[in-house]
Amino acid sequence: MLSNPVYDPFQILTRIYSDGAHVKQAIADVYIEEQYRSRTVKIVYGVLENDGYFDFCIRHYAPKAPKLAVRILLKISLYMLLFMDKKRYMVTDCAVSLCKKLGKSGVSGFVNAFLRRFDRAEADGALPKGIEGEAIALSYPLYAYRMLKKEYGERAKDIASAKSAGVSVRFEKNADKYLTKTHVKTPFADNYIFENFVRDEGFDEGDYTFQSVGSIAICDCVKPCENLLDACAAPGGKSVLLAKKCAQVTSFELHAHRAELIRQYKKRMGVENVTEYVKNSAEFDPQYEEKFDAVLCDAPCSGFGTISENPDIKLFRKTEDFVGLKKAQMDILSNVARYVKKGGALYYSTCSLFECENDGVVQAFLKAHPEYTVEGIDSPLVHEKKACGLQFLPDTAYGAGFYVCKMVKG
């Protein structure tokens, strides 16, 4: 019996839309038919990437809003129709069949009629004009798209539509074994982006690790030193990479289960000069005052620079979240600044696209901490130089958006 391609994506997406689960966790938690894993993951990510547009299409063709389960089913079907070039009759049959399997036979007629009637050209013709229509077509939250337009002008569309370049892999050894696969070399040592990369025994043996270009670029901006603090360290990628050029790395992580991820990461990669602690970097601990030559503060942020990898961010992040995030960013940065020795360096980074989380936070910090001054940094990865730091954008940085700034304590 052939597998219904709608079933597994429906189970995963229900966890995300109904329970608020993060996409990667939902995929890990749901049993998936292994032979169809690639197809299932593609559909899940595709639906999330196009969520805003699909919502518009459903509103346009359904005078009364369907219940959540039906909306999820229709979004999966629309993705298969529009982005996988599946035959309409096949998609419709799969959707109707799943309706019946889920005990929702009563809505199968509506689902059938919707999918047979749907016409993309007609739906696109009904899009609002101007910035609202652009945001819907790009499936980008309107408030965030307005922020992008204000900061980047016409480039906002390219930023919002940028896709991940692939799987970013950093090698410690035996890279040649894998470079027969289709790949792109990044500007950073031993870092390649692959169109497809299947984890094998080399991962467990520490031959390589999966690390984003953004994470690697931030570490590249950090200068070698004796004693470095990674203040928001989990899952440990930056700590482990920085251990290659710093004699001792101390890693703080607020949650015990995430601190355990750092321990596992360093063990897998054979790194012995990283020490992790469960600690709140926003709360002052006098034993660390002026102890470190450098501190990296990779602060919690909106994450909009990572939506090509985490499209569920667009569903759950709200405009009011930025107030709480800015407070957290300032609290952590102001506290860990006390841990830097005189003459030492403080690095502030995010995976955000927005000035309010980047230069804006740095400028507010500098106003309150005149003992710090900005020191210029550079990167081989394409970037924009802002008043204080470097801004990397998804359309020119392999689909990743992030920021980094260096300050020195006088």
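Use the structure listed above.
From a predicted model like this one, the values you see are computed outputs, not experimental measurements.

Enquirer: Before we go on, may I ask you to explain the overall build of the protein chain in this structure?
Expert: The number of helices and strands found in the protein chain is 18 helices and 13 strands. Against the 2.2 N^0.38 benchmark of 22 Å for 410 residues, the protein chain shows a C-alpha radius of gyration of 23 Å, consistent with a compact globule. The contacts of the protein chain with a sequence gap of at least 6 include a subset with a gap of at least 24, amounting to 68%. When the accessible area of the protein chain is evaluated, it comes to approximately 18800 Å², of which 51% is carbon and sulfur surface. Taking the average location of the 56 positive side-chain charges in the protein chain and that of its 53 negative ones, the two points are 4 Å from each other.

Enquirer: Explain helix α15 (residues 256-268) to me, please; I cannot follow it from the model alone.
Expert: For the α-helix, the turn length of 3.6 residues means that residues three or four positions removed from each other point alike. Spanning 13 residues, α15 covers 19 Å between terminal C-alpha atoms, matching the ideal 18 Å at 1.5 Å per step. Among all positions of α15, only Ala259, Ile262, Tyr265, Lys266 and Arg268 are buried. On its buried face, α15 is in contact with α12 (201-204), β4 (208-210), α14 (237-242), β6 (246-253) and β7 (274-278). Of the residues trailing α15, Gly270 is marked for its positive phi of about 70°.

Enquirer: Would you explain the nonpolar core in this entry?
Expert: As a rule of thumb, soluble globular proteins bury nonpolar side chains together. If you look at the biggest cluster of nonpolar residues, it comprises 44 residues, and the most contacted ones within it are Leu13, Ile16 and Ile76. Where this core is concerned, the elements lending two or more residues are α1 (7-19), α2 (23-29), α3 (37-49), α4 (51-61), α5 (68-83), α6 (88-101) and α7 (108-117). Excluding anything up to four places from it in sequence, Ile76 contacts Val6, Pro9, Phe10, Leu13, Ile43 and Val47. By size, the runner-up hydrophobic cluster in this structure holds 36 residues, among which are Leu241, Val274, Phe392 and Ala400.

Enquirer: How do you make sense of the side chain of Lys75 when you look at a structure like this?
Expert: With respect to the helices and strands, Lys75 occurs in helix α5. Looking at Lys75, its side chain comes within polar contact range of the side chain of Asp51, at 2.6 Å. Not counting residues within four places of it along the chain, the set of residues in contact with Lys75 comprises Tyr17, Val47, Asp51, Phe54, Asp55 and Ile58.

Thresholds, definitions, all that
Residues numbered from 1 in each chain as written. Predicted model: local features only at pLDDT ≥ 70, side-chain atom pairs only at ≥ 80, totals over all residues. Heavy atoms only, no water. Helix = DSSP H or I, 4+ residues; strand = E, 2+ residues; numbered from the N terminus. Rg over C-alpha atoms; globule rule 2.2 N^0.38 Å. Contact = heavy atoms within 4.5 Å. Areas by Shrake-Rupley, 256 points an atom, 1.4 Å probe, with all protein chains shown as cover. Lys, Arg positive; Asp, Glu negative; His and termini not counted. Charge placed at Lys NZ, Arg CZ, Asp CG, Glu CD. Expected span 1.5 Å × (residues − 1). Buried < 20%, exposed > 50% of the residue type's maximum accessible area, 1.4 Å probe, protein only. Core = buried A, V, L, I, M, F, W, Y, C linked by side-chain atoms within 4.5 Å. Polar contact = N/O pair within 3.5 Å; in protein donor to acceptor, adjacent residues only side chain to side chain.

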